[in-house]
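Listed below are the residues making up each chain.
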Amino acid sequence: MNGVTCQGLTKSFDDNLVLKGFDLEIARGEFVSLLGASGCGKTTVLRLVAGLEEPDAGRVTVGERVVVDVSERVFVPPEARRIGMVFQSYAVWPHMTVLENAAYPLRVRGMAAKERDEATRRILDLVGLAGLEARKPSQLSGGQQQRVALARGLVMQPDVLLLDEPLSNLDAKLRVRMRRDIRRIQEQTGFTVLYVTHDQEEALEISDRLVIMEAGEVLALGTPDEVRDHAFMAPEEDAHA
Amino acid sequence: MLLLGILPLILVALKAAGAGGVFLETVTAPEAWDATLATLQLSVGTTLLAVGLGTSLAWLTTRTDLPWKGFFRGTLTIPYIIPPYIAAVAWITLANPSVGLLNQLLGEGALNIYSMTGLTWVLALSFYPYVFLTVRAALESADPSLEDAARMSGAGTWRVLKDVSLPLMRPAMIASGGLVFMATASAFGAPMLIGNSARLHFLSTNIYDAAASGLGGMAQASSLACLLFIFALVPMLLRARHYAVLTGKASRPTLVRLGRARRWVLGAVTSFVAIGILLPALAVAVTSFLRTAGDLRPGNFTLDNFGALREAANGRAILNSFGLAAVAATAAVVLGGLIAWVQVKTRTRGRTWLSGLAALPLATPGTVLALGLILAWTTPLRLTGTLAILLVAYVAKYVALAARSIGEGLGTVDDALPEAARVSGAKGVFLLRTIWVPLVLPSVVAGWFLVFMPAFSELTMSVLLADTGTETIGTQLYKLRDYGSPTAASVLATVVLALVIGSNLLLRRLSGGRYGV
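The rules behind the values
- Residues numbered from 1 in each chain as written.
- Chains lettered and ligands numbered in written order.
- Predicted model: local features only at pLDDT ≥ 70, side-chain atom pairs only at ≥ 80, totals over all residues.
- Heavy atoms only, no water.
- Buried < 20%, exposed > 50% of the residue type's maximum accessible area, 1.4 Å probe, protein only.
- Helix = DSSP H or I, 4+ residues; strand = E, 2+ residues; numbered from the N terminus.
- Pairing = 2+ DSSP bridges.
- Contact = heavy atoms within 4.5 Å.
- Axes fitted to C-alpha atoms, helices over the stretch in contact; angles between N-to-C directions.
- Buried area = accessible area lost by both parts, 1.4 Å probe.
- Salt bridge = Lys/Arg side-chain N within 4 Å of Asp/Glu carboxyl O.
- Polar contact = N/O pair within 3.5 Å; in protein donor to acceptor, adjacent residues only side chain to side chain.
- Nonpolar A, V, L, I, M, F, W, Y, C, P; charged D, E, K, R; others polar.
- Core = buried A, V, L, I, M, F, W, Y, C linked by side-chain atoms within 4.5 Å.

Some details on the pairing of strand E9 (residues 192-197) of chain A
Residues and elements named next belong to chain A.
Point 1. Counting buried positions over the six residues of E9 gives six, a clear majority of the element.
Point 2. Both faces of E9 are covered, namely the face carrying Thr192, Leu194 and Val196 and the face carrying Val193, Tyr195 and Thr197.
Point 3. Inspection of the sheet shows strand E3 (residues 31-35) paired to E9 by five bridges, in the parallel sense. Bridging from a neighbouring strand, valine 32 pairs with leucine 194 of E9.

Description of the side chain of Thr472(B)
Point 1. Tracing the sequence through the fold places Thr472(B) in the loop between helix H20 (462-465) and helix H21 (473-482).
Point 2. Not counting the four nearest positions on each side in its chain, Thr472(B) is found in contact with Ala317(B), Ser321(B), Leu324(B), Leu390(B), Tyr394(B), Glu458(B) and Ser462(B).

Quick notes on the sheet that holds strand E5 (residues 65-69) of chain A
Residues and elements named next belong to chain A.
Point 1. Read across the open sheet, the five strands follow the order E2-E1-E4-E5-E6; overall the sheet is antiparallel. Taken across any chain shown, the strands that pair with only one partner, and hence form the sheet edges, are strand E2 (16-27) and strand E6 (74-75).
Point 2. The pairing of strand E4 (residues 57-62) with E5 spans four bridges and is antiparallel. By the bridge assignment, threonine 61 is partnered in E5 with valine 66.
Point 3. Against the sheet, helix H1 (residues 42-50) makes contact with strand E1 (2-13), E2 and E4, and its axis sits at roughly 115 degrees relative to E1, the strand it touches most.

Describing the interface of chain A and chain B
Point 1. Facing the 24 residues of chain A at the interface are 20 residues of chain B.
Point 2. Considering only the surface of chain A that becomes buried against chain B, Glu79(A), Trp93(A) and Tyr104(A) emerge as the three largest contributors, covering 31% of it.
Point 3. Inspection of the chain A/chain B interface yields two salt bridges.
Point 4. Along the contact surface separating chain A from chain B lie seven residue pairs in polar contact (both at pLDDT 80 or more).
Point 5. Contributions of two or more residues to the side of chain A that touches chain B are made by strand E7 (83-86) and helix H2 (98-108) of chain A.
Point 6. A per-element tally of the side of chain A that touches chain B places H2(A) first, with four residues.
Point 7. Taken together, the residues that form the side of chain A that touches chain B break down as 15 nonpolar, three polar and six charged.

What about the nonpolar core?
Residue and element names in this part refer to chain A.
Point 1. Within the largest apolar cluster, 187 residues are counted, with the highest numbers of intra-cluster contacts made by Phe22 and Leu194.
Point 2. Excluding anything up to four places from it in sequence, leucine 194 contacts Leu24, Ile26, Val32, Leu34, Val45, Leu46, Val49, Leu161, Leu162 and Leu163.
Point 3. By size, the runner-up hydrophobic cluster in this structure holds 33 residues, among which are Val86, Leu124, Val148 and Leu170.

Dropping the structure here:
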């Protein structure tokens, strides 16, 4: 079964070619990481799948549905793709409570308040935020804000969840706990994950398969065991980047 | 729409150039030379005094153990929001040579506001807050350990001040001094009200006189406007110089101990607040209750003056100003919002040019801009003599204030916040209503007030553009003062003071202290 398929994705910003004919096939329910240094194009892949950028060439399929195909002039805007996404900066809205933040995708779809609250509380419970529903983001720790962003990405039960360096702003101990939680939730619910990171150890532990990228191209592709040597050959990322 | 602000300026230049002979004749005439010299003298004097006052007060209220710092920081910024012509009205009440309230105490003729010195004093009191606010911000963001290091190296208080603090403040002093220079050269109300009686003529007042003498004077006025515009460019050139940005953690500064001088300094600063800020405000307020201006005997107090508000022209002026300011603020927020959006959130080519163009009318002397609007809107579409031309003037002049405020607001919104909403399925109006509006609203409201306040009390452009029926509170006040009705003028001045200070308080409350002074 198809999860996400990218074919020949090409993208440049101004005169800078950041992605050169990127191909990738992800099976349904698979957990795939994009690993590489900053500027290698991994975040661009994610944003193209999300629909936040339009490719110059190529095609993306989510499930059986073509969401973008440049040659066929198909472009489904991000709000119509039904994809969950967790941003590096969390992007938790400061003017909404935890519950309002997480419930937003259901509110957009016009779900009745009672039903919506129930569904959202179930998700908040799953990510470990039960009891904090009425808090404002400013009253949360970094790790808790991260969980709000995760809950928001999951609340509409998407088939695909995109994560953009979700753990890079957390301290080491919390990072290990969060990635185990993400993996556990994914195994329980069975959605497809595309996960962007520059942390090799993280990618090797969490993923079914890894894509190692460099300068807009795929350097290596395979299971953690298959690419382990490649992974440690990839340039080490500055932790502050 | 931006052309509304820029086109007029081009027209002024064309008018001056087109009247080649008149231009040369005008700018080489002795009157033009005298006016240029007087403008230069006034601007330099005011700038020096304002920079001196503003810098000392900023240093005293951030770096020393002067008591009541919070109170001083609050009151010392008040003149920032009060139009200079109101200050001129107040100081004429206090220090005109014959019946000025202070001269009644000190002896007739002791103080004479109708002089270059008097005018410099009034304008410096109006404009020093530019310096005070800018230098204070520079001192607050400068790393106090720079000064501590000098102290540990053995430098005494004065030595630290001279070797470290002053160089730290210098970029802020130069930048804000440039603004004061520009504001003084462009000022119209105070130089007209005070200068006329002292037979002092400036570029801005001469432009008004020439333009007011009918369409025949427009070529002459445009020629002088070109001269004045050169004055406005000077501070821009100063600001173009590159300054190192002050960085560093803003930890608590070690306060300079004033020692035995503390009482004297406290006395001096308190007297300054009392004489420079509270006394003029009080003079205006009290005069609005007097039957004859300048006579403080109990029998002379009355409420009758406020009957002036029921007079047709005065009532109309207040309504006009209120309506115009509200509509102009709303239009400026919409237009400024678009400019800010293009500037901050898009990668359109030429977007920096756009905001530069939007800021140009703000830096242009009001007299020059008004002149351009008259030239631009007489034919084929005739707006002169209508409320519409005042509205165009206010929007063109102040749209940059709204754009800046909204731009700052937009700048704080991480791109990921709306992106997260789009991925969640939100689009169009729903996206706008649930994400953008709540995040940006405070800066929009602030932008609205930042346009409303100066537009409500605007005089410089209005006096050229308004007509019978389209009076504004500024022009009406100017007329009353000019035709010798000081008590009625004080009533209008009190209304302006109350409304401007009230709006400022409201703005502070709404923005949680982020905007307003």
